[in-house]
Amino acid sequence: MNVYDSHRIASILRHLGFSEASSLKNADLIILNTCHIREKAAEKVFSDLGRIELIKQERAQEGLSTIIGVVGCVVQAEDEQIVKRAPYVDFALGPLTYHRLPEILAQIGRKRQEPLIDTEFPAESKFDYLPQNTSSGGCSYLAIQEGCNNFCTYCVVPYTRGIETSRPVEDVLKEAKTLVSEGTLEINLLGQNVNSYHGTDASGRERSLAYLLNKINEIEGLQRIRYTTSYPADITEELIDCHKNIKKLMPYLHLPIQSGSDKVLKAMNRRHTSGQYLEIIAKLREANPLLGFSSDFIVGFPGETDADFEATLDIVNKVKFIQAFSFKYSRRAGTPAALMPNQIEEKVKKQRLDILQDLLFSYQLNFNKETVGKIVPVLFESKGRHAGQLVGRTPYMQNLHAELGKEFLNKIVNIKVTEATTNSLSGQQEGK
Ligand code: SAH
Ligand code: SF4
């Protein structure tokens with residue numbers, strides 16, 4: 001979602017006549033787009049700001065002025081604390097108000113006053129005010145839903161991104177068609193809780209994600225569809241059917257479970273048990289036996305015992321996730337879990353994370369190794385680290401490197417996989 005927001009912010013700036021600077025030192029305007037999900041991410045903002053202030057000072061010595069802005073969830077959570085801790089910041093905007101950037105920059109241009117802060121939850125939708133979303137190459141993100149009403153007890157999202165809202169069906173379809181006409185081959189529909197999408201159609205009727213997927217499937221030229229991130233309890237039969245019937249829907253689903261222990265899931269206020277999660281996975285596999293799953297995990301949630309942690313390892317062994325993101329529980333001020341007793345020691349969290357990651361990586365490596373020798377369609381998205389190399393994604397979101405000319409950028413090419421590590425694959429064009 002943050003990558004998507006940054007892309008939209010860059011497009012607002014382009015409309016205002018800005019262009020990308022070659023380095024921070026050459027930038028007249030520097031905007032940090034920030035994440036508040038875990039403490040580490042939030043603290044990084046302040047250390048980055050310290051470095052940016054030095055650049056601002058160096059530029060001032062050369063007679064150049066620099067505007068510094070902070071946007072995103074850290075602003076929403078910290079509000080005025082941002083400019084208290086970093087007084088050289090010129091403006092700070094929450095994730096729902098960055099469409100007001102032109103107005104803010106105009107105000108700063110007229111007269112540098114007190115830092116401008118806007119952390120409202122506005123009545124208007126930013127999507128109605130942003131310039132047209134533009135394709136980011138072969139692969140584009142399209143936000144269809146924002147915010148969350150789930151209030152998992154550890155999570156800041158409902159407080160920083162606000163309550164759940166869905167964009168109207170027609171707006172999403174129009175944007176999807178424009179992206180495809182600009183060369184997008186793959187669309188990833190985004191939302192914090194994307195499968196509870198309930199946007200209205202032209203007649204005012206509420207429509208589901210499954211409805212939207214079927215409509216997007218009809219767009220000619222589009223080859224791949226994904227949606228991220230889903231909440232297990234909101235997976236419907238209709239959505240499961242999409243995995244059987246929509247060939248463009250990639251055989252990969254990110255479906256976070258967080259913990260394998262029902263006691264911990266309850267304390268997290270998740271609306272599903274581990275048994276219900278396994279049932280959903282079984283139904284999805286029945287709809288499409290080729291589906292691979294990924295998940296998010298939190299270890300060291302308050303009160304998590306060794307037995308609870310074992311239950312998490314057990315779920316991993318049952319589902320055999322092909323990828324996963326795993327985190328140590330991070331205590332976030334203002335969330336209910338921050339006040340729970342039995343907070344887990346850092347040392348124990350680290351031990352558990354190491355054990356969990358070893359297990360997750362072993363399944364990931366096995367899956368990647370099984371791909372060796374196969375021919376897979378890869379959508380090449382960027383240049384590789386070495387000259388003459390491109391990097392792309394397989395249908396299962398694996399990164400793949402291949403020696404290919406840049407004429408293959410933003411194209412889908414059949415690649416024979418020759419090597420696999422935990423994090424990436426390499427291969428060569430079929431028949432070469
Ligand atoms: N809406 C999505 C993702 C939200 S944030 C979902 O519900 O799955 C992405 C991930 O960050 C979460 O899935 C969770 O695993 C992790 N996360 C959120 N808050 C956290 C916290 N306080 N400490 C550690 N990890 C956290
Ligand atoms: Fe946060 Fe996801 Fe839970 Fe919503 S569903 S509160 S975004 S972890």
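What you are looking at is a predicted structure, and each value in this text was computed from that prediction instead of being measured. (Residues numbered from 1 in each chain as written. Chains lettered and ligands numbered in written order. Predicted model: local features only at pLDDT ≥ 70, side-chain atom pairs only at ≥ 80, totals over all residues. Heavy atoms only, no water.)

Observations concerning the site of ligand 1
Right, on to step 1. Taken together, 15 residues surround ligand 1, and among them Gln192, Pro256, Gln258, Asp296 and Ser330 come closest.
Right, on to step 2. Burial of ligand 1 by the protein chains amounts to 89% of its free accessible area of 540 Å².
Right, on to step 3. Elements represented by at least two residues in the shell around ligand 1 include exactly β11 (292–299) and β12 (323–328).
Right, on to step 4. Here the residues of the shell around ligand 1 sort into six nonpolar, four polar and five charged. (Near = heavy atom within 4 Å. Areas by Shrake-Rupley, 256 points an atom, 1.4 Å probe, with all protein chains shown as cover. Helix = DSSP H or I, 4+ residues; strand = E, 2+ residues; numbered from the N terminus. Nonpolar A, V, L, I, M, F, W, Y, C, P; charged D, E, K, R; others polar.)

A closer look at the nonpolar core
Right, on to step 1. Counting 51 residues, the largest nonpolar core has Ile144, Leu189, Leu209, Leu213, Ile216, Tyr227 and Phe321 as its most contacted members.
Right, on to step 2. If one sorts the elements of this core by residue count, helix α7 (residues 169–181) sits on top with six residues.
Right, on to step 3. Formed jointly, this core draws a minimum of three residues from each of two domains, domain 2 (132–250) and domain 3 (252–371). (Core = buried A, V, L, I, M, F, W, Y, C linked by side-chain atoms within 4.5 Å. Buried < 20%, exposed > 50% of the residue type's maximum accessible area, 1.4 Å probe, protein only. Domains from an automatic or database assignment.)

What about the packing of aromatic side chains?
Right, on to step 1. Per the stated rule, a full pass over the model turns up six aromatic pairs.
Right, on to step 2. Centre to centre, the rings of Phe297 and Phe321 are 5.5 Å apart; their planes meet at 80°, and the pair counts as edge-to-face. In this pair, Phe297 sits in strand β11 while Phe321 sits in the loop between α12 (306–319) and β12, placing the two residues 24 residues apart along the sequence. The same class applies to Phe297 as to Phe321, namely buried.
Right, on to step 3. Taken together, Tyr154, Phe301 and Tyr329 form an aromatic cluster joined through their ring pairs. (Phe/Tyr/Trp six-rings, centres within 6.5 Å; stacked < 30°, edge-to-face > 60°.)

A look at the packing of α7 against helix α8 (residues 209–217)
Right, on to step 1. Between α7 and α8, the least distance of the axes is 11 Å, while the angle of their chain directions is 30°. Taken together, the axes of α7 and α8 are roughly parallel relative to one another. Crossing of α7 over α8 shows right-handed handedness. Residues Val169, Val172 and Leu173 of α7 lie in contact with α8, whose contacting residues are Tyr211, Leu212, Lys215 and Ile216.
Right, on to step 2. Grouping the constituent residues of the contact of α7 with α8 by class yields six nonpolar, no polar and one charged. (Axes fitted to C-alpha atoms, helices over the stretch in contact; angles between N-to-C directions. Parallel < 35°, antiparallel > 145°, perpendicular 65-115°, else oblique. Left-handed = near helix turned anticlockwise from the far one by under 90°. Contact = heavy atoms within 4.5 Å.)

Section: the pattern of salt bridges
Right, on to step 1. For the structure on display, the rule yields 23 salt bridges.
Right, on to step 2. As a salt-bridge pair, Arg51 and Asp48 come within 2.7 Å of each other at their nearest N and O atoms. Taken together, the positions of Arg51 and Asp48, both in helix α2 (residues 39–61) and three residues apart, correspond to about one turn of that helix.
Right, on to step 3. Note that Lys350 is salt-bridged to Asp354, the shortest N-O span being 2.9 Å. (Salt bridge = Lys/Arg side-chain N within 4 Å of Asp/Glu carboxyl O.)

Observations regarding the sheet that holds strand β9 (residues 224–228)
Right, on to step 1. Reading across the sheet, the three strands line up as β5-β8-β9 and stay open at both edges, with parallel pairing between neighbours. On the outer flanks of this sheet lie β5 (139–143) and β9, each paired with one strand and no other. Averaged over all neighbouring strand pairs, the angle between strand axes comes to 20°, with direction disregarded.
Right, on to step 2. As defined by bridge partners, β5 adjoins strand β8 (residues 186–190) across five bridges and the pair is classed as parallel. By the bridge assignment, Ser140 is partnered in β8 with Ile187.
Right, on to step 3. In the packing of α7 onto the sheet, the strands contacted are β5 and β8, and the crossing angle to β5 comes to about 165°. (Pairing = 2+ DSSP bridges.)

With respect to the layout of surface pockets
Right, on to step 1. What the second largest pocket holds in volume is close to 670 Å³.
Right, on to step 2. Contributing to the lining of the second largest pocket are 20 residues, with Leu13, Ser19, Glu20, Ala21 and Leu29 lying nearest its centre.
Right, on to step 3. Looking at the lining of the second largest pocket, the elements that each hand over two or more residues are α1 (2–15) and β1 (29–34).
Right, on to step 4. At six residues, α1 tops the list of elements feeding residues into the lining of the second largest pocket.
Right, on to step 5. Residue classes in the lining of the second largest pocket are distributed as 11 nonpolar, six polar and three charged. (1 Å grid on protein atoms, 1.4 Å probe; cavity = no way out; pocket = protein on both sides within 12 Å on 5 of 7 lines; lining within 4 Å. Points joined across faces, edges and corners; volume = space filled by probe spheres on them.)

Section: the sheet that holds β1
Each strand in a sheet pairs with its neighbour through backbone hydrogen bonds, running either in the same direction (parallel) or in the opposite one (antiparallel).
Right, on to step 1. If you trace the four strands from one edge of the open sheet to the other, you get β1-β2-β3-β4, paired in parallel fashion. The open sheet has two free edges, formed respectively by β1 and β4 (116–118), since each of these has just one partner strand. Each neighbouring strand pair of the sheet contributes to a mean axis angle of 15°, computed without reference to strand direction.
Right, on to step 2. Summarising the sheet, β1 and strand β2 (residues 67–72) pair through six bridges and their orientation is parallel. In the sheet register, Thr34 faces β2, and the bridge partner there is Gly72.
Right, on to step 3. Contacting β1 and β2, α1 runs over the sheet at an angle of about 155° to β1.

Digging into the side chain of Asn288
Right, on to step 1. Inspection of the secondary structure assignment puts Asn288 in the loop between α11 (274–287) and β11.
Right, on to step 2. Beyond its immediate stretch of four places on either side in the chain, Asn288 contacts His243 and Pro251.

Remarks on the packing of helix α9 (residues 237–245) against α11
Right, on to step 1. Where α9 meets α11, the closest approach of the two axes is 7 Å, and the angle between their N-to-C directions is 35°. Here the hand of the crossing between α9 and α11 comes out right-handed. Mapping the contact onto sequence places Glu237, Ile240, His243 and Lys244 in α9 and Lys283, Leu284 and Ala287 in α11.
Right, on to step 2. Classifying every residue of the contact of α9 with α11 gives three nonpolar, one polar and three charged.

Some remarks on the environment of Leu189
Right, on to step 1. Tracing the chain through its elements places Leu189 in strand β8.
Right, on to step 2. Once the C-alpha coordinates of Leu189 and Ile37 are considered, the two residues, 152 residues apart in sequence, prove to be 21 Å apart.
Right, on to step 3. Residue contacts for Leu189: discarding those within four places in its chain leaves Leu142, Ile144, Val194, Leu209, Leu213, Ile216, Arg226, Tyr227 and Thr228.

Notes on the domain arrangement of the chain
Right, on to step 1. Assigned domains of the chain: these are domain 1 (2–118), domain 2 (132–250), domain 3 (252–371) and domain 4 (372–429).
Right, on to step 2. Between the C-alpha centres of domain 1 and domain 4 there is a distance of 35 Å.

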